[in-house]
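Spelled out from the first residue to the last, the chains are:
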Amino acid sequence: REVEADMILIGKKGASYFQRREFPIRAIYDCTQNPDSKQALGISEEIINSFLAGETDAVELLYTKFVSLISSTPSVRTLVPFSASEITNKGDEVFQLTSAGGDFGVERKELDVAEPQEFPNDMIFEQDPLQIVNSILPLYLNGQILRTLQESVASELAARMQSMQSASDNASALAKTLSQEYNRARQAAVTQELAGDRRRCRRSRVTGFEFEPVM
């Protein structure tokens, strides 16, 4: 059966694409080159409010997952309804920018999955556990959205760096090729000119006459 869906778009490119095709759009947010928690907070509030109000059954997040400076992959994850497996079954990743030998690089380190902890039976909560979970959920969403924003921006910047590097390499290769062609043409012209001078000298020696003086 058909599933009704509306979109929360982040960034000008996606907004322009889906607006031209008249997709149902709920909200549009801008994304800077340095996303912060304030930007993520506005998006997470829109998501959690629509979910708690019963306007939506689930929220799927589509983003660009940063893998390395030369690789990124489109990814999908479910934000709500919240599943404990998102924490207990998945590890985490840490990226660190490095500069070895004058070249930039990214080191990727995977963290192990956190072991589930059991609470003692006699533990007393100051608030109702449901209220605690409802308080943690917005913080969790805010953190996840901020991370995906940062990964998407990092993927875009890495793609630009790769494109500029490819353009520089192509320009260097073209300059080298043109220089070789110019040197060949110049050498051919010099060789042809020297050959013409030799032919003229030889012709002069063959057609030259000597006359004895008349007494």
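Each chain carries its own residue numbering, running from 1 in the written order of its sequence. Predicted model: local features are reported for residues with pLDDT of at least 70 only, side-chain atom pairs are reported and counted for 80 or more only, and whole-chain, interface and lining totals are derived from all residues. Computation of side-chain values: all heavy atoms of the structure, hydrogens and water removed.

Labelled according to an unreviewed UniProt entry, the chain appears under the name F-ATPase gamma subunit, originating from Thalassiosira oceanica. For the chain, the Sequence similarities (unreviewed entry) comment in UniProt is given as "Belongs to the ATPase gamma chain family." Annotation of the chain in UniProt includes, under Function (unreviewed entry), the sentence "Produces ATP from ADP in the presence of a proton gradient across the membrane. The gamma chain is believed to be important in regulating ATPase activity and the flow of protons through the CF(0) complex." UniProt positions are given in the numbering used here, feature names are shortened, and annotations may be inferred rather than shown by experiment.

S.K.: Just to check I follow, could you spell out the overall build of the chain for this structure?
M.R.: Only DSSP runs of H or I covering at least 4 residues are called helices, and only runs of E covering at least 2 are called strands; the numbering of each starts at the N terminus. A tally of helices and strands in the chain yields four helices and six strands. If you list the helices and strands of the chain from N to C, you get β-α-β-α-β-β-α-β-β-α. Here's how the labels work: a residue is buried when its accessible area is under 20% of the maximum for its type, exposed when over 50%, partly exposed in between, all with a 1.4 Å probe on protein chains only. The proportion of buried residues among the 215 residues of the chain is 17%. We call two residues contacting when some pair of their heavy atoms lies within 4.5 Å. Restricting the contact set of the chain to residue pairs at least 6 apart, pairs at least 24 apart contribute 46%. Computed by Shrake-Rupley with a 1.4 Å probe, the accessible areas treat only the displayed protein chains as cover when residues are assessed. Counting every atom, the chain has about 17200 Å² of accessible surface; 54% of that belongs to carbon and sulfur.

S.K.: Teacher, can you tell me more about the side chain of Asn142 here?
M.R.: Tracing the backbone shows Asn142 in helix H4 (residues 129-207). In contact with Asn142, other than residues within four places in its own chain, are Ser37, Ala40, Leu41 and Ser44.

S.K.: What should I look at first to understand the layout of surface pockets in this one?
M.R.: Gaps left between atoms show up when a probe the size of a water molecule is rolled over them. Cavity and pocket criteria rest on a 1 Å grid covering protein atoms alone: a 1.4 Å probe that fits but cannot get out defines a cavity, protein on both sides within 12 Å along at least 5 of 7 lines defines an open pocket, and an atom within 4 Å of a point defines a lining residue. Grid points are joined across faces, edges and corners, and a volume is the space filled by probe spheres set on the points. Of the volumes computed, that of the largest pocket is approximately 1500 Å³. Lining of the largest pocket is provided by 44 residues; of these, Ile8, Leu9, Ile10, Leu61 and Leu62 occupy positions nearest its centre. Residue contributions to the lining of the largest pocket peak at eight residues, all from H4. Across the lining of the largest pocket, the residue classes tally to 20 nonpolar, eleven polar and 13 charged. Polar here means any residue other than Ala, Val, Leu, Ile, Met, Phe, Trp, Tyr, Cys and Pro, which are nonpolar, and Asp, Glu, Lys and Arg, which are charged; Gly is therefore polar.

S.K.: Which parts of the structure should I look at to understand the pairing of strand E2 (residues 25-29)?
M.R.: For a regular strand, side chains alternate in direction, first toward one face of the sheet and then toward the other. Any two strands are treated as partners once DSSP identifies two or more bridges connecting them. The pairing of strand E1 (residues 7-10) with E2 spans four bridges and is classified as parallel. Within E2, the position partnered with Ile10 by the bridge is Tyr29. In this fold, the crossover linking E1 to E2 by way of helix H1 (residues 12-20) has right-handed handedness. By convention a crossover is right-handed if, when the strands point away from the viewer, the path from the first strand over the helix to the second runs clockwise.

S.K.: Mind showing me how you'd approach the side chain of Glu151 here?
M.R.: Position of Glu151 relative to the elements: it lies in helix H4. For Glu151, a relative accessible area of 7% puts it in the buried group. There is a polar contact of 3.0 Å between the side chain of Glu151 and the backbone nitrogen of Phe66. Beyond its immediate stretch of four places on either side in the chain, Glu151 contacts Tyr63, Thr64, Lys65 and Phe66. In protein, a polar contact requires one atom able to donate a hydrogen and another able to accept it; more generally it is a pair of N or O atoms within 3.5 Å, and residues adjacent in sequence count only if both atoms are side-chain atoms.

S.K.: Looking at this structure, how should I read the packing of aromatic side chains?
M.R.: What describes a pair of aromatic rings is the distance from one ring centre to the other and the angle between the planes of the rings. Any two rings among Phe, Tyr and Trp, with Trp reduced to its six-membered ring, count as a pair given centres within 6.5 Å; such a pair is stacked if its planes are under 30 degrees apart, edge-to-face if over 60, and tilted if neither. On inspection of all chains with the given rule, the structure shows two aromatic pairs. Judged by centre distance (5.0 Å) and plane angle (85°), the rings of Tyr17 and Phe18 are edge-to-face. Here Tyr17 falls in the partly exposed class, since its relative accessible area comes to 39%. Judged by relative accessible area, Phe18 falls into the partly exposed class, the value being 21%.

S.K.: What is the right way to read the environment of Tyr140 from this model?
M.R.: Of note, Tyr140 is situated in helix H4. The buried category is assigned to Tyr140, whose relative accessible area is 14%. In the structure, Tyr140 is positioned 58 residues away from Phe82 in sequence and 9.6 Å away in space, judged by C-alpha atoms.

S.K.: Explain the nonpolar core to me, please; I cannot follow it from the model alone.
M.R.: One broad rule of soluble globular proteins: the nonpolar side chains tend to lie buried together. One finds Ile47, Leu79, Leu141 and Ile145 to be the most contacted residues of the largest nonpolar core, which totals 15 residues. Taken together, the elements giving at least two residues each to this core come down to helix H2 (37-52), strand E3 (59-68), strand E4 (71-80) and H4. In terms of residue count, the dominant contributor to this core is H4 (six residues). Excluding its chain neighbours within four sequence positions, the residues that come into contact with Ile145 are Ala40, Ile43, Ser44, Ile47 and Leu79. In this description, a nonpolar core means a group of buried Ala, Val, Leu, Ile, Met, Phe, Trp, Tyr and Cys residues linked to one another through side-chain atoms lying within 4.5 Å.

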